[in-house]
Amino acid sequence: MLEKLKARWKVNGVNLVLIIATFALGGSLCGWAGRRLLLLTGLEKGITWIVLYILLITLLWPLCVLLISIPLGQFAFFKHYIQRIGKKFGGKKNNGPVNIAIFASGAGSNAQKIIEHFAGSHTVKVALIVCNKPTAGVLSIAADQHIPALLIEKERFFNGDSYIAELQKQHIDLIVLAGFLWKIPSSLIAAYPKKIINIHPALLPKYGGKGMYGGNVHEAVIAAGEKESGISIHYVDELYDHGKIIFQASCSVDENDTPGSLAEKIHRLEHAHYPRVIGSLLQK
Ligand code: GRF
C-alpha cells in the first residue's frame with residue numbers, strides 16, 4: 001500500500017510520511033475549525049447542522065491542508081494535488097496527460113529511466129520516441145515499452161517541416177532531448193517555446209558547443225585537469241548547449257578517471273536527476 005502510494009505520488013519514504021501527516025493534521029484542523037464556526041451560529045445539532053458542517057469542512061479542507069503543508073515542507077505537492085481535485089470536480093474538461101516526446105540517437109539509457117519514471121502516471125505520458133538512427137538502441141527500448149517511434153530523416157528535419165505536424169498530431173507538449181545529436185532547427189524551437197529541454201554531460205557553460213558530445217566531452221574535461229564535472233539540464237535555444245540552465249549536479253574527477261569511468265559517473269547522475277527534474281518542471 002505504502003509502496004503503491006510512493007510510486008503513484010513519485011515521492012520518497014520521508015516525504016510520504018510528511019504527506020500522510022499533513023492529511024491527518026489538516027483534516028483535524030479542518031474538523032475543529034468547522035465545529036468552532038458552527039458553534040458561533042448557535043445552531044442546535046440536527047440535520048441543518050450536519051449539512052452546514054459538511055459544507056464548511058469541504059470549503060475549509062484545502063485551506064487547512066495547505067496551511068499545514070507549509071511547515072511540513074509539502075506545499076508544492078498539496079498545491080498540485082488540490083489543483084487536480086479542483087479540475088476533476090470543477091467540471092473543467094480533463095485535458096488528458098502531458099505528452100512527452102523523447103528525442104534520442106543513441107543507446108537510450110536516459111530514455112529508459114524517463115519511461116520508467118512516468119510509467120503508471122496519469123498526468124504525464126512518454127508518447128513518442130523520435131530517433132534519427134535506424135540502429136539506435138533507443139528504438140528497441142521504444143518497441144519493448146510499446147511506445148510509438150518516429151524515425152526521422154535529415155532533409156525533412158532541417159529543410160522541411162521539421163516534423164512539427166507529426167508532433168502536433170501526437171499532441172506532444174514537451175520535447176526532451178536525451179542524447180540527440182542533431183541541432184534543433186529554429187522552426188521547431190519556435191513551435192515549442194520553452195518546451196524543449198536537453199541534458200549535457202558536463203557543467204555548462206564549460207565543455208559545450210559543437211562537437212562536444214559523448215566521449216569528446218569527458219576527454220576534454222580530463223585533459224584540462226578539471227577536478228569536477230557533472231550534468232546540466234537546460235532549455236534548448238538556437239545555439240548548441242546554450243539555453244537557460246534549469247538544473248546542474250556535479251561529481252568529482254579523480255586522478256585515475258578515464259573518459260569511460262567519468263562517463264559512467266555522469267550517467268549515474270543523469271539517471272538519478274533527469275526524470276525527476278522533468279517531473280518537477282511539469283508540476284510548475
Ligand atoms: C548522455 O550522456 C547525455 O548527457 C548526452 O548523451 C548521452 C546519452 O546517453 N547528451 P544515453 O543514450 O541516454 O545512454
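Scroll up a little and you will see the structure.
Residues numbered from 1 in each chain as written. Predicted model: local features only at pLDDT ≥ 70, side-chain atom pairs only at ≥ 80, totals over all residues. Heavy atoms only, no water.

What follows deals with the site of the ligand. Around the ligand lies a shell formed by Gly-106, Ala-107, Gly-108, Ser-109, Asn-110, Gly-179, Ile-199, His-200, Pro-201, His-267 and Glu-270. Ile-199 has a polar backbone atom sitting 3.1 Å from a nitrogen atom of the ligand. Protein chains shield 85% of the accessible area of the ligand, which is 370 Å² for the free molecule. Broken down by secondary-structure element, the contributors of at least two residues to the shell around the ligand are helix H5 (109-118), strand E5 (196-200) and helix H11 (259-283). Of the residues that constitute the shell around the ligand, the class distribution is three nonpolar, seven polar and one charged. (Near = heavy atom within 4 Å. Polar contact = N/O pair within 3.5 Å; in protein donor to acceptor, adjacent residues only side chain to side chain. Areas by Shrake-Rupley, 256 points an atom, 1.4 Å probe, with all protein chains shown as cover. Helix = DSSP H or I, 4+ residues; strand = E, 2+ residues; numbered from the N terminus. Nonpolar A, V, L, I, M, F, W, Y, C, P; charged D, E, K, R; others polar.)

Packing of H5 against H11 brings their axes to within 9 Å, and their N-to-C directions diverge by 40°. With respect to each other, H5 and H11 are oriented oblique. Between H5 and H11 lies a crossing of right-handed hand. Across the interface between the two elements, Ser-109, Asn-110, Lys-113, Ile-114, His-117 and Phe-118 of H5 pack against His-267, Glu-270, His-271, Tyr-274, Pro-275, Arg-276, Ile-278 and Gly-279 of H11. (Axes fitted to C-alpha atoms, helices over the stretch in contact; angles between N-to-C directions. Parallel < 35°, antiparallel > 145°, perpendicular 65-115°, else oblique. Left-handed = near helix turned anticlockwise from the far one by under 90°. Contact = heavy atoms within 4.5 Å.)

Further remarks concern the pattern of salt bridges. For the coordinates displayed, the defined rule picks out eight salt bridges. Lys-6 serves as the salt-bridge partner of Glu-3, at 3.3 Å between the closest nitrogen and oxygen. Taken together, the residues Glu-3 and Lys-6, both in helix H1 (residues 2-9) and three residues apart, mark about one turn of the helix. Residue Glu-3 is classed as exposed on the basis of its relative accessible area, which comes to 55%. (Salt bridge = Lys/Arg side-chain N within 4 Å of Asp/Glu carboxyl O. Buried < 20%, exposed > 50% of the residue type's maximum accessible area, 1.4 Å probe, protein only.)

Turning next to the packing of aromatic side chains. We describe a pair of aromatic rings using the distance from one ring centre to the other and the angle between the two ring planes. Within this structure, the stated rule accounts for 13 aromatic pairs. Look at Phe-23 and Trp-61: their rings are 6.1 Å apart centre to centre, the planes differ by 20°, and that puts the pair in the stacked class. On the criterion of sequence distance, the pair formed by Phe-23 in helix H2 (residues 13-41) and Trp-61 in helix H3 (residues 47-69) is long-range, its members being 38 residues apart. Classification of Phe-23 by relative accessible area gives partly exposed; the value is 23%. By relative accessible area, which is 22% here, Trp-61 ends up partly exposed. The interplanar angle of 15° and the centroid separation of 5.1 Å between the aromatic rings of Trp-49 and Tyr-53 together place this pair among those described as stacked. With a gap of four residues between them, Trp-49 and Tyr-53 both fall in helix H3, about one helical turn apart. Overall, the relative accessible area of 12% leaves Trp-49 in the buried class. Take Tyr-53: its relative accessible area is 17%, and that puts it in the buried class. Across the ring face of Trp-49, the terminal group of Lys-45 is positioned such that the distance to the ring centre comes to 4.9 Å. When the ring centre of Tyr-240 is taken as origin, the NZ or CZ atom of Lys-183, which lies over that ring, is 5.8 Å away. (Phe/Tyr/Trp six-rings, centres within 6.5 Å; stacked < 30°, edge-to-face > 60°. Lys NZ or Arg CZ within 6 Å of the ring centre and 35° of its normal.)

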